[in-house]
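# Structural description and commentary
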Amino acid sequence: MKKYQEDLEKARKEVFEELAKVDKIKNLEELKIKYLGRKGIITSFLKNLKEVPTESRPTLGKLANQVKDQVEAIFKKRIKELKIREPSEEKRIELLDYTLPGRRGWQGKLHPITQISEKIIGIFYGMGFEVAKGPDVETDYYNFGALNFPKDHPARDMQDTFYIHDDLLLRTHTSPVQIRVMEKRRPPLKIIAPGRCYRHEAINARSYCTFHQVEGFYVDTDVTFADLKGVLSAFVWELFGKEIAVRFRGSFFPFTEPSAEMDIACVNCKGKGCGLCKYRGWLEILGAGMIDPEVFKNVGYDPEVYTGYAFGMGVERITMLKYGIDDIRLFYENDLRFLRQF
Amino acid sequence: MKVSYKWLKDLVDFDWSPEELATRLTDAGVEVETITPLGMGLEKVVVGEITRVQKHPQANHLFVCEVEIGSEFLQIVCGAPNVKEKVKVPVALIGARLPIGVEIRKTTLRGVDSFGMICSEKELGIGEDQKGIMILDSRLRIGLTLTEALDLEDCILNLDLTPNRADCLSIIGVARDVGALFGSSVKKPQIRFNEIDELTKDWVEVEIEDPAACPRYAARVIKDVEIKDSPFWLKRKLESVGMRSINNVVDVTNFVMMETGHPLHAFDYDLFSQKKVVVRRAESGEKFITLDEVERSLNKENLLITDGKKPVAIAGIMGGMESEVSSNTKNVLLESAYFDPRVIRRGRIFLGVSTEASQRFERGMDPNGVVNAANRACQLLEELADGKVLKGVVDNYPCPIVPAQVTLRPRRVNQILATDLKSKEMVQILKRLDMEVSENQDLRVTVPTFRPDLSREIDLIEEIARIYGYDKTETSMKASGSLVTRLSEEDRFITRIKHFLVGKGFYEVLTNNLVDPKILKRLCPEISTVNLQNPLSQEMSVLTGSLVHNLLGVISWNKKRKEEDVRIFELGKVYLTRENELPKERLHLGLALSGKREMIHWGTEETEVDLYDLKGILESLASNLGVSFHLNQEKTIPLKSDSSFQITVDGTKVGILGEVAQEILELFEIEGKVFAAELDFERLLAGIPMRKTFQPLPKFPPVNRDLAILVEEDVLSERISDKIKTVGGDLIEEITLFDVYRGKQISPGKKSLAFAIRYRAKDKTLTDQEVEGIHQKIVLELEKSFGAILRKQ
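Residues numbered from 1 in each chain as written. Chains lettered and ligands numbered in written order. Predicted model: local features only at pLDDT ≥ 70, side-chain atom pairs only at ≥ 80, totals over all residues. Heavy atoms only, no water.

A few words on the overall build of chain B. On a plain count of helices and strands, chain B comes out with 22 helices and 39 strands. The C-alpha atoms of chain B give 42 Å as radius of gyration, which overshoots the globular expectation for 793 residues (28 Å, by more than 25%). Looking at chain B as a whole, 53% of its 793 residues are labelled buried. Of the roughly 37200 Å² of accessible surface on chain B, 48% is carried by carbon and sulfur atoms. The distance from the centre of the 108 positive side-chain charges to the centre of the 123 negative ones in chain B is 2 Å. (Helix = DSSP H or I, 4+ residues; strand = E, 2+ residues; numbered from the N terminus. Rg over C-alpha atoms; globule rule 2.2 N^0.38 Å. Buried < 20%, exposed > 50% of the residue type's maximum accessible area, 1.4 Å probe, protein only. Areas by Shrake-Rupley, 256 points an atom, 1.4 Å probe, with all protein chains shown as cover. Lys, Arg positive; Asp, Glu negative; His and termini not counted. Charge placed at Lys NZ, Arg CZ, Asp CG, Glu CD.)

Here it is in structure tokens:
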């Protein structure tokens, strides 16, 4: 028992002596294995416990463990000290090149038209408009007749039309949704209707045979032109920034009276005049107006009781203005080099 | 419509610059698209007098001229045949940049120095004449700039008119709006001319067979006209608004049309076979040669002006070649008529033409301005063609069109516009627009017939608003409407799915859904497409019936541009025709995948995508939506026969998935493999559980066991996992296939499948023996059903 005790004490001393000499982490690790490794000197004392008489075991065991804890602690301390002293060597071994590219997955993007549509819809949704939809293939009645485009009227030239047959066509605007909703429901109605439209126009940088519109309308008692101006100003400020100047000017749409065109100060030159705004300082952004009494009559509303406003905007145009895109065809080519930019 | 700023100034007083005028008109709904200044490039062109002309010593066709320009004499070499002494000419000085793009420099022509250029009309950009130099009025002061001398400075406003504003297809009409906006009134030209004793009605009678189509036809006759060039001022006026000068008679009719808006037609009276004008419908198939020398085949939509025997003009659209005024014309029959706008529109659409006249008639001219326009032309023909105007108008107008009477309630105006206008202010605006107003509590407004677009109270409200100024009306920033708004389930899922796929690395595309039926039919031969009657081209003549088709187009476009790794989707419609109903429009979700599986990375091996990549995306989507997809082998044409599957949810087919067939890829000139899927969105939506119910978390621990078996190649893994599930029942919580192996240790024709099975009971901790028991049962059942052999670890 005494021998065990002495040997233990001797080993402990040895450790401290040798430790004092070591000043490299590498050597320290070797030393740690020598004493504390699986077959280490200190470790073996604990293993050898089973060879000492049973009655001495608890005392010696406690002692051996104390020594082990002590040695472990001093190793820990020394390693820490040495690490501070020779950091460069330590780091070189484990150096992480954090500039190497990470494991990136593919990242997709929403089409810019969807991004701007979502933005537009979001703004109106926040103002209490609900979303409605209608078919792309429409009858002459919904696309024109009910919207007060008389047959044989030059107003029909405003919207060159693809026909399926004489009475069936590809909608030229989202306004038929106004009729479809009003036929089914009673005011108050506060609706936006996004969707695809079609125009029989030659394809070039400025026009494409299909495009997206967002239609909006509000019907209630006492809706005024001031409400129309308010909601559209608020919308434009939300979309293009609060400081942007807007103007309303006279226009003509068969389904609104009075009709208006809304302009914003050119986003490029801020109204000074440039190529984008054709040196006018203003950009046409949407068409609007008070819903024409004929339209109300067509859906069985009394125009003396109800008034309302309606507006419609081209999503491609707004997207082009927002991002400075100069060719509408890019939207339908879906070139990844284009889509990646948004 | 082009409007000359100067011409406007002749007709109405205002002190706005062209730019300000453009803004005011645009705000009031008469949109000025562009402003083009005239007289540009003529700053260094002056009036000179040729004082001496000598033959060029070296060249037969050249002359050496001495030209006085006020301060000095210049030597100028000129080749025009009409140079002579003592005439005044336009001289472009050195440094001038003419509108045609020529810059004048000192030159030497065959050894003689030349210090400027004597110009033709064409070279100055103010006329068509290029036969010789322009000879100026001898009264002009030498040295004056040409723009001053000829009063050339002007601005042309290009109007983009809305179809309702027929009245603005005339300078007087635009002037009326300018006056209303500025607060002045139009100074209409005074019409004065002499009539000779001979009576028009002895020369011509007018018969209208279809008075509905032609409510009014007025004729005048002007005798003994002298056909010649128009004076400079008239040419300039026409050219400034974009019309070409022809001769004095034709120019007068065009001038009156531009001024009053009313299209007139001048016939050579002597080419009529009788003293008669008959207005009738054309026969179907009747042939007629118009003045542009085109033989046109007519139908009943066309209204004809005839002399009772042969047609002389297509009413309101175009005159005939034979009865045209020519240099031989002595006597002119002048037509001023009013035609039904719809008749003219139908007629010109049938003929596929649009003329200055048809544009005006189809928008609606003033039926009561007919005689005035004719008289204005008589005045000018007397003045400019020495014509003798016969007495009286032959005016066939059986049912005069009366001005509309509209009641306007001032409070309604203020209610709609949210304004606070006084009745007096409204009256003032309406009167400035030439309306008669009688004031009571409500206003009784008589709308002149030159404004066919105004027939209702609301129309007048718009007139008041646009003249008062839209920008002066209130803007209300208060919100109203219903309290509850909602997005439909469909819209919510559309957004969710789009964002999910974007997160999975897919780009959203939007394709042109007008496609080529030849290619579409190769992908889906049985589809009944929606076909356009008037496509832009054959390649875009039907609505698409397949998103896979559209996506392949996108892949092709990108691969041709070296973008090889394409992951795209579209949520779009496909269209199918139906009998007696609107076509069926189904929302589909299409996905396509091609190229590398992962982005190039230093720590990742480069591999190409395969079927399991696309299947995996869809499985993830299914798990996101809370549905489960199953695949069954089913041949669909665009897909490779051994890699073509239908996707089902709860037994309902929702779409297809697979590898695109080689022959289809070739159609799109695509190289490399493409995997594609197309799902019917509505059916998918129907499969999504809308209600979610909480499941209590398990209380007892699971036991995991692996199972590796050898089976024949043709045994589908799903059948095995289904079997495991059946045998294990409720105790099986999860089965994961974690390894598929074919190789050295395994005989050919067989594969090894390894499953990790997680057992768990709801009500107790499973013992090893219990699990072992079920596990053994599973192994036995797999041996029995599939001939599976258990692989020992």
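Continuing now.
Another point: the interface of chain A and chain B. Taken residue by residue, the interface counts 95 residues in chain A and 91 residues in chain B. Across the chain A to chain B interface the summed buried area is about 8000 Å²; carbon plus sulfur atoms make up 54%. It is W106, D152 and L336 of chain A that lose the most area in chain A upon contact with chain B, and together they represent 11% of the buried surface on that side. The shortest N-O distance in the salt bridge between R346 of chain B and D152 of chain A comes to 2.3 Å. For the pair chain A and chain B, the interface holds 51 residue pairs in polar contact (both at pLDDT 80 or more). In terms of residue count, helix α9 (residues 225–240) of chain A provides more of the side of chain A that touches chain B than any other element does, 9 residues in total. (Contact = heavy atoms within 4.5 Å. Buried area = accessible area lost by both parts, 1.4 Å probe. Salt bridge = Lys/Arg side-chain N within 4 Å of Asp/Glu carboxyl O. Polar contact = N/O pair within 3.5 Å; in protein donor to acceptor, adjacent residues only side chain to side chain.)

Before going further, it helps to examine the confidence of the model for chain B. Residues and elements named next belong to chain B. Model confidence for chain B is summarised by a mean pLDDT of 93, while 100% of its residues fall at 70 or above. The element-level mean pLDDT for chain B is lowest in helix α3 (residues 121–124), coming to 84, with strand β27 (residues 507–508) highest at 98. Note on the complex model: pTM 0.84, ipTM 0.87. (pLDDT = per-residue confidence, 0-100.)

Another aspect to go through is the pattern of salt bridges. All names here are of chain B. Taken as a whole, this structure holds 87 salt bridges over all chains when the rule is applied. Note that R360 is salt-bridged to E356, the shortest N-O span being 2.7 Å. Taken as a pair, R360 and E356 lie in helix α10 (residues 356–363) at a separation of 4 residues, close to a single helical turn. You can call R360 buried: its relative accessible area is 1%. On the basis of relative accessible area, E356 is assigned to the partly exposed category, the value being 36%. For the salt bridge of E781 with K784, the shortest nitrogen-to-oxygen distance reads 3.7 Å.

With that settled, the discussion passes to the packing of aromatic side chains. The geometry of two aromatic rings is summed up by the distance between their centres and the angle between their planes. Applying the stated criterion across every chain yields a total of 26 aromatic pairs over all chains. An angle of 85° between the planes, with centres 5.1 Å apart, marks the rings of W16 of chain B and F182 of chain B as edge-to-face. On the criterion of sequence distance, the pair formed by W16 of chain B in the loop between α1 (5–11) and α2 (18–27) and F182 of chain B in helix α5 (residues 171–182) is long-range, its members being 166 residues apart. Overall, W16 of chain B belongs to the buried group, its relative accessible area being 7%. Among the aromatic residues, those joined into a ring-pair cluster are F124, F129, Y218, F235, Y309 and F311 of chain A. (Phe/Tyr/Trp six-rings, centres within 6.5 Å; stacked < 30°, edge-to-face > 60°.)

All names here are of chain B. A sheet is described by the order of its strands in space; here 5 strands give the open sequence β5-β4-β3-β6-β9, paired in antiparallel fashion. A single partner strand is all that each edge strand has here, and the edge strands are β5 (73–78) and β9 (117–118). Inspection of the sheet shows strand β6 (residues 88–92) paired to β9 by 2 bridges, in the antiparallel sense. From the neighbouring strand, V91 faces β9, where its bridge partner is I118. (Pairing = 2+ DSSP bridges.)

Bringing a positive patch on the surface into the picture now. Residue and element names in this part refer to chain A. Taken together, the side chains of R38, K39, K47 and K50 define a basic patch exposed on the protein surface. Mapped onto the fold, K50 is located in the loop between α3 (41–48) and α4 (57–85). Judged by its relative accessible area of 61%, K50 falls in the exposed class. (Patch = residues over 30% accessible without salt bridge, like charges linked within 9 Å, V, L, I, M, F, W, Y side chains within 5 Å.)

Residue and element names in this part refer to chain B. Spatially, 3 strands are ordered β1-β10-β2 in an open sheet, and the strand pairing comes out antiparallel. If you trace the sheet from one side to the other, it starts and ends with β1 (2–4) and β2 (31–38), each paired once. Within this sheet the neighbouring strands show an average axis-to-axis angle of 25°, counted without direction. Here 3 bridges tie β1 to strand β10 (residues 154–160), and the two strands are oriented antiparallel to one another. In the strand pairing of β10, V3 is matched with L157. (Axes fitted to C-alpha atoms, helices over the stretch in contact; angles between N-to-C directions.)

So, on to helix α11 (residues 370–385) of chain B. Residue pairs spaced three or four apart in an α-helix point in one direction, given the helix's 3.6 residues per turn. Residue and element names in this part refer to chain B. Between its first and last C-alpha, α11 extends 22 Å over 16 residues, near the 22 Å set by a 1.5 Å rise per residue. Of all 16 residues in α11, 12 are buried; the element is thus mostly enclosed. Burial in α11 covers these residues: V370, A373, A374, N375, R376, A377, C378, Q379, L380, L381, L384 and A385. Tucked into the core, α11 has its buried residues touching β13 (216–223), α7 (232–240), α8 (248–260), β14 (264–268), β21 (332–338) and β22 (388–391). Following α11 by one or two positions, D386 has its phi on the positive side, about 50°. (Expected span 1.5 Å × (residues − 1).)

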